[in-house]
There are 2 protein chains.
Amino acid sequence: MGTATARANANIAFIKYWGNRDDRLRLPANPSISMNLGGLFAETTVRWEENLTADSFGLNGKEDTGAGLTRVVAHLDVLRRRLDIAQFARVESRNNFPTGAGIASSAAAFAALTVAGAAAAGAQLSERELTTIARLGSGSASRSVPTGFVEWYAADAHEESYAESFGTPNTWDIVDVIAVVSKAHKPVGSSAGHQSANTSDLQTARVAGAEERLRQCKQAILNHDFAAFADVVEHDSNLMHAVMMTSRPPLFYWLPPTLMIMDSVRQWRADGLRVCYTLDAGPNVHCICVREDAAVVSERLRASSEVLDVLIAPPGDGAQVLTVSIP
Amino acid sequence: MGTATARANANIAFIKYWGNRDDRLRLPANPSISMNLGGLFAETTVRWEENLTADSFGLNGKEDTGAGLTRVVAHLDVLRRRLDIAQFARVESRNNFPTGAGIASSAAAFAALTVAGAAAAGAQLSERELTTIARLGSGSASRSVPTGFVEWYAADAHEESYAESFGTPNTWDIVDVIAVVSKAHKPVGSSAGHQSANTSDLQTARVAGAEERLRQCKQAILNHDFAAFADVVEHDSNLMHAVMMTSRPPLFYWLPPTLMIMDSVRQWRADGLRVCYTLDAGPNVHCICVREDAAVVSERLRASSEVLDVLIAPPGDGAQVLTVSIP
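Residues numbered from 1 in each chain as written. Chains lettered and ligands numbered in written order. Predicted model: local features only at pLDDT ≥ 70, side-chain atom pairs only at ≥ 80, totals over all residues. Heavy atoms only, no water.

(A) Summary view of the sheet that holds strand S10 (residues 174-180) of chain B. Residues and elements named next belong to chain B. One open sheet holds the four strands; their spatial order is S11-S12-S10-S13, and the pairing between them is antiparallel. Each of the sheet's edge strands pairs with one partner strand only, and the pair in question is strand S11 (275-278) and strand S13 (309-313). Between one strand axis and the next, the sheet turns through 25 degrees on average, direction left out of account. Relative to strand S12 (residues 285-290), S11 runs antiparallel, the two being bridged by four bridges. Across the sheet, the residue bridging to cysteine 276 is isoleucine 288, located in S12. (Pairing = 2+ DSSP bridges. Helix = DSSP H or I, 4+ residues; strand = E, 2+ residues; numbered from the N terminus. Axes fitted to C-alpha atoms, helices over the stretch in contact; angles between N-to-C directions.)

Have a look at this one:
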């Protein structure tokens, strides 16, 4: 047993994952697609070691002994079972972007943990299997394993709900310009949120239309058809937030500046900029735009006093092992 | 033929009307209930006169020769057909509250126009029939004809989709504290909005649950059960706005301060105030509270720099004829 470090990018979903058909296995209610966010990553080192008496976990240089550790230990248990590992592990992870504010920190984290944990054990798992294991830690982590533009399949069996790439980072030259309006940790985490999705009367209808929206979105990406892309991406985001705010109790992830930016983005597009918005379970607004329009979008966002920060990410790679050392 | 003046209060729906099964007859997709807003009224004078050569319409002292006049003429046509009137009419109407900003100005206006128009013709129509005629002008106007707390039935035939009171203004001592955050006319009027409701995948599910929510809401009103009332009223409002924002194209009626106030109201209620929110097709927030808590709610709203004005309305009467003169 040894040590490995892996890096995985965050991803932004264009057709959203919200709600599970099986909460324990994180088998999603509907398929989803996303783009990896180049440069916004988690880097995770796993060291399996004989003489450890328990797993431990450091996040961004700070020891986590609470809920974060519990979730990491559960994921290490999955790897131990699959790879017949008897040892405990030391895990250290860093994000280079704000944690828990709608930038899919858990997706990057569990993709990196999965890939590093397997590599440190000297295991050669297929990408497909790595996506299913990552999924058990955080659903959308499955989409951070393959490269570029990724589809994650919905299915009733663990092995069938995997993710795969349908386009490299070069497939389409679009950019995610993220308007950060809050760096606070979100009040209701995604795992709890997913479990509440079925309490909304509207979830069934959202799920029923997801496959068709996914087909339209994928087509728009492959055709570089920004107008069609913007239409279905904003609609899908609106549908997910409609389900959230009609759950019992309701989940409101939007803040006042969120609403203002969504409105501005629609206006900018009407005025000719190729930009649209999408929001995860958080208040930050992902402004997806063609590369030529990224600078002006970013400038306009920075000009707003409500925007704390602007992050820019092109399509990114899949999860990668950076170093392995197996004595 | 003569002249009559009638007054009708605006109303605020607790279970919302959104979308029609028949757009021309304004037969609603689902039943709704509301409270008349005492003191927020339209006062309308109709004068049927032999020597007029066309209908004309003054609103708040200004001659309306555009879309407002067209809609008034269409409603006068309904009255002419029903009451065998050959004359044209002069109509003058005033609201004592901002027009077109989510305070149901058209509801009050068409209730008053219907009642004044019939009275000026010397007709004695039943309240039930008056509610159906008012409905043809503006769906929710049917609810401004009867007194106090009102239910408007959904049905497939004109005569069956009427409104009636299920409680007088004394039934429950609650107050609508309206936070006005914009006095601008809304970008998409309710009539166009209703016609777009079926473009949302979520409308069917919203409509399917409306009868049960209505039953719960009515029960809560009659039992003075504020907690149950708040729960279903906010949920129903969230459902309507979820449908709006997932229509094609989407309708966003909320402004950033709207979202801020909704969040504050949920927080205030968690802290013990008996207050909940509901929003019509506009950005202003109706904060429904028990009378004892109205002063503190109003104070807190006024303390916000985003709130332009606060209007306070207790349960109000039905539409009333103020003066009639038939030579």
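Anyway, onward from the coordinates.
(B) Focus on the packing of aromatic side chains. Residue and element names in this part refer to chain B. Applying the stated rule across the entire model yields 18 aromatic pairs over all chains. Ring geometry for tyrosine 17 and tryptophan 152: centres 4.6 Å apart, planes at 70 degrees, overall edge-to-face. Placement of the pair is tyrosine 17 in the loop between strand S1 (3-15) and strand S2 (20-22) and tryptophan 152 in strand S8 (residues 149-152), with a sequence separation of 135 residues. Taken as a pair, tyrosine 17 and tryptophan 152 share a single burial class, namely buried. (Phe/Tyr/Trp six-rings, centres within 6.5 Å; stacked < 30°, edge-to-face > 60°. Buried < 20%, exposed > 50% of the residue type's maximum accessible area, 1.4 Å probe, protein only.)

(C) Representation of the pattern of salt bridges in the model. Residues and elements named next belong to chain A. Applying the stated criterion across every chain, the model contains 38 salt bridges over all chains. Among the salt bridges present, the one from arginine 80 reaches aspartate 55, with a minimum N-O distance of 2.6 Å. Highlighted residues: arginine 80 in helix H1 (residues 67-83) and aspartate 55 in the loop between strand S4 (32-49) and strand S5 (56-59), separated in sequence by 25 residues. Among the salt bridges present, the one from arginine 269 reaches glutamate 234, with a minimum N-O distance of 2.6 Å. Residue arginine 269 is located in helix H7 (residues 256-270), and its partner glutamate 234 is located in helix H6 (residues 226-245); the two are separated by 35 residues in the primary sequence. A relative accessible area of 26% means that arginine 269 is categorised as partly exposed. In this structure, a network of salt bridges that share partners links the residues Asp55, Asp77 and Arg80. (Salt bridge = Lys/Arg side-chain N within 4 Å of Asp/Glu carboxyl O.)

(D) How the structure looks around the nonpolar core. Formed by 67 residues in total, the largest nonpolar core has its most connected members in A:Phe14, A:Ile174, A:Cys217, A:Ile221 and A:Phe229. Counting residues per element, this core draws most heavily on helix H2 (residues 105-120) of chain A, at ten residues. With residues near it in sequence (within four places) discarded, A:Ile221 still touches A:Phe14, A:Ile33, A:Phe149, A:Phe166, A:Thr171, A:Trp172 and A:Phe229. Core analysis: the second largest hydrophobic core is formed by 65 residues, B:Ala111, B:Ala112, B:Leu130 and B:Ile133 among them. (Core = buried A, V, L, I, M, F, W, Y, C linked by side-chain atoms within 4.5 Å. Contact = heavy atoms within 4.5 Å.)

(E) Broad picture of the pairing of strand S10 (residues 174-180) of chain A. Residue and element names in this part refer to chain A. Among the seven residues that make up S10, seven are buried, leaving the element largely enclosed by the rest of the structure. Side chains Ile174, Asp176, Ile178 and Val180 of S10 all project onto a buried face; the interleaved residues Val175, Val177 and Ala179 project onto the opposite face, where all are buried too. Pairing between S10 and strand S12 (residues 285-290): six bridges, direction antiparallel. By the bridge assignment for S12, aspartate 176 is matched with isoleucine 288. One ladder, built from five bridges, connects S10 with strand S13 (residues 309-313); its direction is antiparallel. Residue pairing for S13: alanine 179 is matched across the bridge by valine 310.

(F) Here's a closer look at the interface of chain B and chain A. Each partner contributes to the interface: chain B provides 23 residues, whereas chain A provides 23 residues. Between chain B and chain A lies a buried interface of about 2,100 Å² when both sides are counted; carbon and sulfur atoms form 70% of it. The largest contributions to the chain B side of the interface with chain A come from B:Arg248, B:Phe252 and B:Leu259, which together make up 26% of the buried area. At the boundary of chain B with chain A, the tally comes to two salt bridges. For the interface between chain B and chain A, the tally reads six residue pairs in polar contact (both at pLDDT 80 or more). Going through the elements one at a time, helix H5 (203-208), helix H7 (226-245) and helix H8 (256-270) of chain B are the ones with two or more residues in the side of chain B that touches chain A. Sorting elements by how many residues they give to the side of chain B that touches chain A places H7(B) first, with six residues. (Buried area = accessible area lost by both parts, 1.4 Å probe. Polar contact = N/O pair within 3.5 Å; in protein donor to acceptor, adjacent residues only side chain to side chain.)

(G) Representation of unusual backbone geometry within the structure. The peptide bond linking A:Arg248 to A:Pro249 adopts the cis configuration, its omega dihedral lying at -5 degrees. One non-glycine residue with positive phi stands out, namely A:Arg26, at about 50 degrees. Take A:Arg26: it is sitting in the loop between strand S2 (20-22) and strand S3 (27-28). A positive phi angle, close to 50 degrees, is found at B:Asn60, a residue other than glycine. By the secondary structure assignment, B:Asn60 is in the loop between strand S5 (56-59) and strand S6 (62-63).

(H) Highlighting the relation of the copies chain B and chain A. Least-squares fitting of chain B to chain A yields an RMSD of 0.0 Å, with the superposition described by an axial translation of 0.0 Å and a rotation of 180 degrees. The two molecules are tied by a two-fold rotation axis, judged by turn and shift. Of the residues that chain B buries at the interface, 100% are likewise interface residues in chain A, meaning the two copies contact each other through the same surface. (Least-squares fit on C-alpha atoms with pLDDT ≥ 70 in both.)

(I) Geometry of helix H2 (residues 105-120) of chain B. The end-to-end C-alpha distance of H2(B), which contains 16 residues, comes to 22 Å, matching closely the 22 Å that a straight helix rising 1.5 Å per residue would cover. Counting buried residues in H2(B) gives 14 out of 16 residues, a clear majority hidden from the surface. (Expected span 1.5 Å × (residues − 1).)

(J) Up close: the sheet that holds S10(A). All names here are of chain A. Taking strand neighbours across the sheet as the criterion, the four strands line up as S11-S12-S10-S13 in an open arrangement whose pairing is antiparallel. Unpaired on one side and paired on the other, strand S11 (275-278) and S13 mark the two borders of the sheet. Adjacent strand axes in the sheet meet at a mean angle of 25 degrees when their direction is disregarded. Against the sheet, H6 contacts S10, S11 and S12, and its axis sits at roughly 20 degrees relative to S11. Sitting on the sheet, H7 touches S10, S11 and S12, and the angle it makes with S11 is about 155 degrees.

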